[in-house]
Every structure is written in C-alpha cells, then in structure tokens.
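The lines below spell out each chain.
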Amino acid sequence: MKEFVILFRQPTGSYHKPLPEALEALEKKWADWAGGIAAQGKLANQGIRLAHDGRVLKSGGVVTDGPFVELREILGGFMVVRADDYDDAVTLAHGCPVLETGGSVEIRPIY
Amino acid sequence: MPTPADTRLLLKQLFQQEFSKIVAVISSRYGLAHVEIAEDLVSDTFLTATEHWSTHGLPPHPTAWLYTVAKQKTLAYFRREKIYTRKVAPTLTATAESATPSPEIDFSPQYIRDSQLKMLFAVCTPLIAGEAQIALALRVLCGFGIDEIASAFLTNKETINKRLVRAKAKLRAEGVRMELPSEAEVADRLDRVLHIIYLLFNEGYYSRTQDEVIRRELCWEAMRLAVFLTENELTNRPETQALLALMCFHASRFDARQTADGGIVLYGQQDENKWDTDLIAQGIHYLERSASGNVVSPYHLEARIAQLHCLPGDGPDKWESILQLHNHLLVLQYSPAAALNRTYALYRARGATEALPEARKLRLETNHFYWVLLAELLQHTDLPDAITCLKRALEHARTTPEQQLIRERIRQLAKRED
C-alpha cells in the first residue's frame, strides 16, 4: 500500500453561504465519502479542510486578501489515503463531494 | 449462627472483593516483583479463614480479620526472606520499593485504593499484550481462579498458567513498578487501561465459551473496574465515563440476545421487554457525564451508537444517525467490526442498492460477518448468490451458535427460492 494525498479544489465564485439544511446535507456527503474510505481501512489521515478566505504573500512583500480571484479554483483541503496504486487512489477519490459542484480532485503520491 | 453453607458463600464473596485489594497492597508495599508471593499469601489467608471460621464461627469483622491475618503472614514471610537474603544471598539487593522496610502494612481505605489503582496501571503496561494481559488482569485485578480463566478462554489450566508465568516474568524483567502516572502521562496510560477494560468486557460479551456465568462475570468485572476509575480523580475522565456508558448499554441486552439454550438472538428479533431498563438509565447517566471537555473519543461514539440501539423502533432516521456515528468512528479508528456495522447501517438507512457496492469494497473475505452481510443485501435481488455467500460464511464461522444461525438462514432463503 502506498500513501496518496487527495487535494480537493473548488471553482472560485461557487462559494456562497449555504442554507443550514443544505449545509447539513453537504456535511453528510463529506462524512459518507470519508466514512466509505475509512471502512475499507484506507484512510491514513483525515487531513484538514480550509476556510475560503485567506491572505497571499508575494515576492516583494505584497500581501493581498483572498478570495483568490486570479485562480479558477481554490484549494478546499486535503486527505491522505492508502491505496494499492494510482487506479485504486483515483477510485477512492470518486464520490468526493466537490465533484458535484464543478470542482476537481488532484491525486498525488507521497514520496 | 451461620450455617456452613452461609460461611462458604461469604468466603466466596469476600474472596472476590478482597483478593485483588490485598494482593495490590502487598505488592505496593514490597514491589511488583513479589506479586506471585502476594497471591500465594492471600490464598493462604483464605485457607486459614476457611479452617478457622468453620470451627470457631465467624469473626465479628470478617474483612478486618482477613487483613490482620494477611498482614501477619506477609510480615512473617518477608522476615524469613530477609534472613535468607542477608545470610544466604547477601549480594541480592532489595528492590527500590522495599528499600526501607518497616513492619507496617497499611490497610487503610486510601492505601487500598491507591494500591489498586497502581496495580491497574501496572497490569495494563504496554510491555505485555494480548491474551496474557487479559489473563493477568483477570487473575490479579479480578481475583479469578486459573480454572475460571481457562474456561473463559476455552483452554486448559496449563496454558493459562504458562501465560501468567510469562506475563509476570516480563513484569519482573522490565522492572515494571507500582506507581501512579504523572499528570502529564496519565492520558496516554489511561488510554491503555481503558482499552484493556474494553477487551475484558468484549471477552465476556462475545466470548467463545458457553459458560454463561463466566461470561457475565467478565462483563461485570470490566464494569466494576471502570466504576473504580470514575471514583478516582486522576482517572475520572470523559472517556472513562463514555466507556462505562457503552458497557451499560451493551449489558442491558444480555438477557434479550440469548435463547434459553445458548443460541444467539439477532438484534432485529430481540424482545425489547427483556432489555434491562435500569442499566439503560445508568448508561444515559454516564453518557451525560461524559459530555465534558472537547475530546470525542471512540468510546463516546460507540456509547452513543449503543444507546441508539437501546431505543425502541427501527426507522430509517435512527439508522441514519447510527450511520453518521459510524462514519465518524471509522475516521478516528478503523476496525473490521465498525466497517461492517457502518455498511449495515447504510443498508438500513438507505437501502440495499446503495449499500451493496460499498459492502463489496470492504473485502473482509475471512470474516464470516462479511458474507452474512453480503447475503442480507443480495437476498432482495439475487437469492442464489445470497445463498452462496452464506455458504462462504459457514466456512469461516467458529462457534456452534453462529453456525446454527447461518444454517437456519440458508434454509429460509432456500425455501424462498422454491
């Protein structure tokens, strides 16, 4: 088994404060997805989820506020999984809730 | 005047209550390396009590009597031992705990408590593991006889004796000491203690043995140890309360989950009237008290799941809550049982179509519950395949009641197939 990081990205502009019911449904989707991976014994680290605002520091000491308009997608968080190979890791990434809202998932092996 | 039968019953009760206390006090005083001698001294004390009480009648304070006699025997033993070490083996140095022996052995409630707590931490050392540790806990912490432990593990006395001897040799070799962990260490060390108590309970609850008395005693002993931990400030943590709540909820279904002849009654078929409402109430009490601090331990989640199982009714909402708790639990800690239970909850909350692909991903081919679960999901769409799965389950089931249950299920499905 190898470890892979699954990075989830959301399209910028897709983020708006969801209604409580929608938020609950979304939470459940994340929990189901992570629970499904964990049930296979393949969750190495539940990782972290990132807030949607932030600061960017550029060379020359320029600090700008997020959201990060120059990017098409912003990083939403990551998770570490154990998988046999790339295919297996990609299979695990299927079902990640960001895919339903036009986001994407990046799968990278850990050295 | 008590009858001989009364005296025997009292002695048995006193043995269960006092054996581990006196062993803990002597070991605390003279060092854990002498735990075996402590056991012998206490057994000898009870032998003297049996002889003396049957001819002279019960003393006015039986417990105090036992402490006094145990004290005399212990002092006599170590006095002889000291002469031996001084004259015969002068190079042997005393252990740190017995560096300054004074002829006092303290049987005050506070000293007994502290000694028991120290013993609990010592026995649960990570240096010993597996069945040897459980056997040692049963012997030293719960006062179980070798034959009782053998019966619990479905093995013979020689095997248990070997395990105990090895475990105690390890304690000596590694110099495990009777001491309380520091404030900084306690969380880590307590984790291990709670884990052993949890294993002890499971050993009783899911035991391979058919001996109902032993099974229940294992569970009660585990609960007693957890109650003991809640009574000590150092160890009364939210996780301790949560573990105790979990055990109360499970134990409440003891009568309901078993047929008169020792067969298994599945949850769905259990008579809810046989659930022990007092234990459920106690479980709720401990679960409420566990809800402090900001740690959600696996015990909290398992206790909450067990509590939901104690609620009557079987709607999808209940199963949805159980599913979410299992999701959380699995993210904290994987276990095959949790993975199977999660998938069963998914099935009950949302149906077989959603649960079947998730079940296939578990790949627990050597676990008979995995095949039973697949059969449960497949019976709606593919009866022959469901029966094939049950046959695979039969290959991996280890106990007779489990095999009976699977055969019965095969018969039911085969009937529907016709």
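About the criteria used
- Per chain, the residues get numbers from 1 upward, laid out in the order the sequence is written.
- All chains are assigned letters beginning at A, and all ligands numbers beginning at 1, according to the order in which they are written.
- Thresholds applied to this predicted model are a pLDDT of at least 70 for local features of residues and 80 or more for the giving and counting of side-chain atom pairs; totals over whole chains, interfaces and linings are not thresholded and use all residues.
- Side-chain measures were taken over the full set of non-hydrogen atoms in the model, leaving aside hydrogen atoms and water.
- Helix numbers and strand numbers start at the N terminus; a helix is a DSSP run of H or I with at least 4 residues, a strand a run of E with at least 2.
- Whether a residue is buried, partly exposed or exposed follows from its accessible area with a 1.4 Å probe, protein chains only, as a fraction of its type maximum: under 20%, in between, or over 50%, in that order.
- The contact criterion used throughout is that any non-hydrogen atoms of two residues lie within 4.5 Å.
- The accessible surface values rely on the Shrake-Rupley method and a 1.4 Å probe; as for residues, cover is taken only from the protein chains in view.
- His is not counted here, nor are the chain ends, while Lys and Arg score as positive and Asp and Glu score as negative.
- By convention, the charge on Lys lies at NZ, on Arg at CZ, on Asp at CG and on Glu at CD.
- Strands are labelled as partners when DSSP assigns at least two bridges between them.
- Working convention: axes come from line fits to C-alpha atoms, limited for helices to the stretch in contact. Angles between N-to-C directions cover 0 to 180 degrees.
- Between rings of Phe, Tyr and Trp, where Trp is taken as its six-membered ring, a pair exists when centres lie within 6.5 Å; planes separated by under 30 degrees are stacked, by over 60 edge-to-face, and by other angles tilted.
- A ring is scored as having a charge over it whenever the NZ atom of a lysine or the CZ atom of an arginine sits within 6 Å of its centre and within 35 degrees of its normal.
- To estimate how far a helix should reach, multiply one less than its number of residues by 1.5 Å.
- To be clear, the arc concerns the directions from the helix axis to the C-beta atoms.
- Under this definition, polar contacts are N or O atom pairs within 3.5 Å; protein pairs additionally need one hydrogen-donor-capable and one acceptor-capable atom, and for neighbouring residues in sequence, both atoms have to be side-chain atoms.
- When two parts are brought into contact, each loses some accessible area as probed by a 1.4 Å sphere; the total of that loss over both is the buried area.
- Basic side-chain nitrogens of Lys or Arg form a salt bridge, by our definition, when they fall within 4 Å of a carboxyl oxygen of Asp or Glu.

Undergrad: Describe the overall build of chain B, listing the residues and the values that go with them.
TA: Tallying secondary structure elements over chain B gives 18 helices and 0 strands in all. Out of the 418 residues belonging to chain B, those deemed buried represent 50%. Contacts in chain B between residues far apart in sequence, at least 24 positions, make up 67% of those at least 6 positions apart. For chain B, the exposed surface amounts to about 20600 Å²; the carbon and sulfur share of it is 54%. Averaging the positions of the 49 positive and the 52 negative side-chain charges in chain B gives two centres separated by 5 Å.

Undergrad: Describe the sheet that holds strand β2 (residues 43–49) of chain A, and please don't skip the residues or the numbers.
TA: By way of backbone hydrogen bonds, the strands of a sheet pair with one another, either parallel or antiparallel. Residues and elements named next belong to chain A. Spatially, 4 strands are ordered β2-β5-β1-β6 in an open sheet, and the strand pairing comes out antiparallel. Each end of this open sheet is capped by a strand with a single partner; those strands are β2 and β6 (104–109). Each adjacent strand pair in this sheet contributes to an overall mean axis angle of 20 degrees, direction not counted. Direction of pairing for strand β1 (residues 2–11) relative to strand β5 (residues 73–83): antiparallel, over a ladder of 10 bridges. Paired with V5 across the bridge in β5 is V80. Packed on one face of the sheet, helix α2 (residues 86–93) meets β1, β5 and β6 and runs near 150 degrees to β6.

Undergrad: An account of the packing of aromatic side chains is needed here, citing residue identities and associated values.
TA: Evaluated as defined, the whole model comprises 17 aromatic pairs over all chains. Measuring from centroid to centroid gives 5.8 Å for W30 of chain A and W33 of chain A, while their planes differ by 75 degrees, and the two rings are edge-to-face. Remark: W33 of chain A and W30 of chain A occur in helix α1 (residues 20–39); sequence separation between them is 3 residues, near one turn of the helix. Pair check on accessibility: W30 of chain A and W33 of chain A agree, each one buried. Taking the centre distance of 4.9 Å and the plane angle of 70 degrees together, the rings of F15 of chain B and F46 of chain B count as edge-to-face. One end of the pair, F15 of chain B, is in helix α1 (residues 4–30); the other, F46 of chain B, is in helix α2 (residues 35–56), with 31 residues separating them in the sequence. Counting every residue linked through ring pairs, the aromatic cluster contains F201, Y205, W220 and F254 of chain B. Across the ring face of Y30 of chain B, the terminal group of R29 of chain B is positioned such that the distance to the ring centre comes to 4.8 Å. A cation over an aromatic ring shows up here: R216 of chain B above the ring of F254 of chain B, its NZ or CZ 4.6 Å from the ring centre.

Undergrad: Before we move on, could you go through the side chain of S115 of chain B and cite the residues and values that matter?
TA: All names here are of chain B. As for its placement among the helices and strands, S115 is situated in helix α4 (residues 109–123). For S115, a relative accessible area of 0% corresponds to the buried category. Other than its neighbours up to four places away in sequence, S115 contacts A24, V25, S28 and M178.

Undergrad: Break down helix α11 (residues 277–290) of chain B for me, citing the residues and quoting the values.
TA: Residue and element names in this part refer to chain B. Taking 1.5 Å per residue as the helical rise, α11 with its 14 residues ought to reach 20 Å, and the 20 Å between its terminal C-alpha atoms agrees with that figure. Listed as buried for α11 are L279, I280, G283, Y286, L287 and S290. Buried positions in α11, seen along its axis, are confined to an arc of 125 degrees and lie on one side of it. Away from its buried face, by an angle of more than 90 degrees, α11 presents the exposed residues T277, D278 and E288. Buried residues belonging to α11 abut α9 (212–230), α10 (238–251) and α12 (298–309). Capping the start of α11, D276 holds a side-chain oxygen 3.0 Å from the backbone nitrogen of D278, two or three residues further along.

Undergrad: Which residues make up the interface of chain A and chain B, and what are the values?
TA: Between chain A and chain B, the residue contacts involve 12 residues of the former and 13 residues of the latter. Overall, the association of chain A and chain B removes approximately 1000 Å² of surface from exposure, summing both partners, and the carbon and sulfur fraction of that is 58%. Between the two partners, chain A and chain B, sit 2 salt bridges. Its salt-bridge partner being D32 of chain A, residue R350 of chain B comes within 2.8 Å of it at the nearest N-O pair. The tally of links between chain A and chain B comes to 5 residue pairs in polar contact (both at pLDDT 80 or more). No other element matches α1 of chain A, which puts 8 residues into the side of chain A that touches chain B.

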